[in-house]
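Chains, contacts and geometry: an overview
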Amino acid sequence: MNATSAPSTQYLDVHGGRIAYDDTRHGEGTPVVLLPGMLDTRAAYRHLHPLLTAAGHRVVTMDLRGFGESSIVWDDYSPAAIAADVLALLDHLGIERAVLVGNSYTGATVVKVAGDAPARVAGITLLDAFIENPPPNALMRGVVRAMGAALVHWPAFWGLYHRKLAFPGAKPADFDAYVDGLVAALRTPGRKTATRGQVAGDSAPVGWTEAVRCPALVVMGSKDPDFPKPEVVADRQASALGARKVMIEGSGHYPMADNPQATADALLPFLAELA
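Below or above, wherever it landed, is the structure these notes cover. (Residues numbered from 1 in each chain as written. Predicted model: local features only at pLDDT ≥ 70, side-chain atom pairs only at ≥ 80, totals over all residues. Heavy atoms only, no water.)

Description of the sheet that holds strand β1 (residues 10–14)
Strand order in the open sheet formed by eight strands is β1-β2-β4-β3-β5-β6-β7-β8, with mixed pairing between adjacent strands. Looking at the sheet topology across the chains shown, the edges are occupied by β1 and β8 (244–248). Ignoring strand direction, the axes of neighbouring strands in this sheet form an average angle of 20°. Of the pairings in the sheet, the one linking β1 to strand β2 (residues 17–23) comprises five bridges and is antiparallel in character. By the bridge assignment, Leu12 is partnered in β2 with Ile19. Together, β3 (32–35), β5 (98–103) and β6 (121–127) form the strand contacts of helix α3 (residues 107–116), whose direction differs from that of β6 by roughly 160°. (Pairing = 2+ DSSP bridges. Helix = DSSP H or I, 4+ residues; strand = E, 2+ residues; numbered from the N terminus. Axes fitted to C-alpha atoms, helices over the stretch in contact; angles between N-to-C directions. Contact = heavy atoms within 4.5 Å.)

Structure, rendered in structure tokens:
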């Protein structure tokens, strides 16, 4: 998806602000809704999006509260609050049932929607999500707090994370420009409030998977630096959800960007089964 092929931005007013999204409108089977991760935008799926549309799917991508082209200041940035936005968007678009794909922070969101509104969700996919992550020890909790503070006060730290850790192997051709844009966005007036809100949100809630009854797919990069043992986390998620697990060899925290074809190869058969 590039500047000439990307659907135009549309907006939905919800309680507390405005959500930006795009929608290809056409496609066969169940529509697919793609949710980016923490501090990211819907353009995180810019390389996966065209592979899904080329396969005939209707694809909707949504910016999260506080980021991308959505309103910056909200009273709640949590995965649960984003779940309410997803349901509002489905209502707005007249979509009765969708497949929800959540990366990182929004893995919890798609699990929440599936548990709370099962009639609206045909299936979910977790891309390097935190939900069902083993409880961190005291050292890891301290590291997470320190990293959260760094992200709020020093946006350049987000660029450093992407350049040094998040993409351990291949990088997309537009990588440098994309990361520069993420860092610049964090410096936008008012964005510190949104950053602090997401950093404080619980992306790894306990117990939410118990309410999920729909089919699920777990996709995880084998070299995701956010997890000491990525496959252990993927196994826990797959077990909790009764899901199929796909490890993408060599990928980091964003397989839809560093290996979009392998991500599509994992996702498309799942979508075909749901159809």
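Details of the packing of aromatic side chains
Tallied over the entire structure, the rule returns four aromatic pairs. Between Phe167 and Phe175, the aromatic rings sit 4.9 Å apart at their centres with planes inclined by 70°, giving edge-to-face as the arrangement. We note that Phe167, like Phe175, is buried. When the centroid spacing of 5.6 Å and the interplanar angle of 15° are considered together, the rings of Phe167 and Tyr254 count as stacked. With a gap of 87 residues between them, Phe167 in the loop between α5 (156–166) and α6 (175–186) and Tyr254 in the loop between β8 and α9 (255–258) connect regions that are remote in the sequence. Here the two residues Phe167 and Tyr254 agree in accessibility, since each one is buried. Directly above the aromatic system of Tyr178 lies the positively charged group of Arg46, at a separation of 3.7 Å from the ring centroid. One residue, Lys112, lies across the ring of Trp208, its end atom 5.0 Å from the ring centre. (Phe/Tyr/Trp six-rings, centres within 6.5 Å; stacked < 30°, edge-to-face > 60°. Buried < 20%, exposed > 50% of the residue type's maximum accessible area, 1.4 Å probe, protein only. Lys NZ or Arg CZ within 6 Å of the ring centre and 35° of its normal.)

Such coordinate-based values are descriptive only and should not be taken to indicate function.
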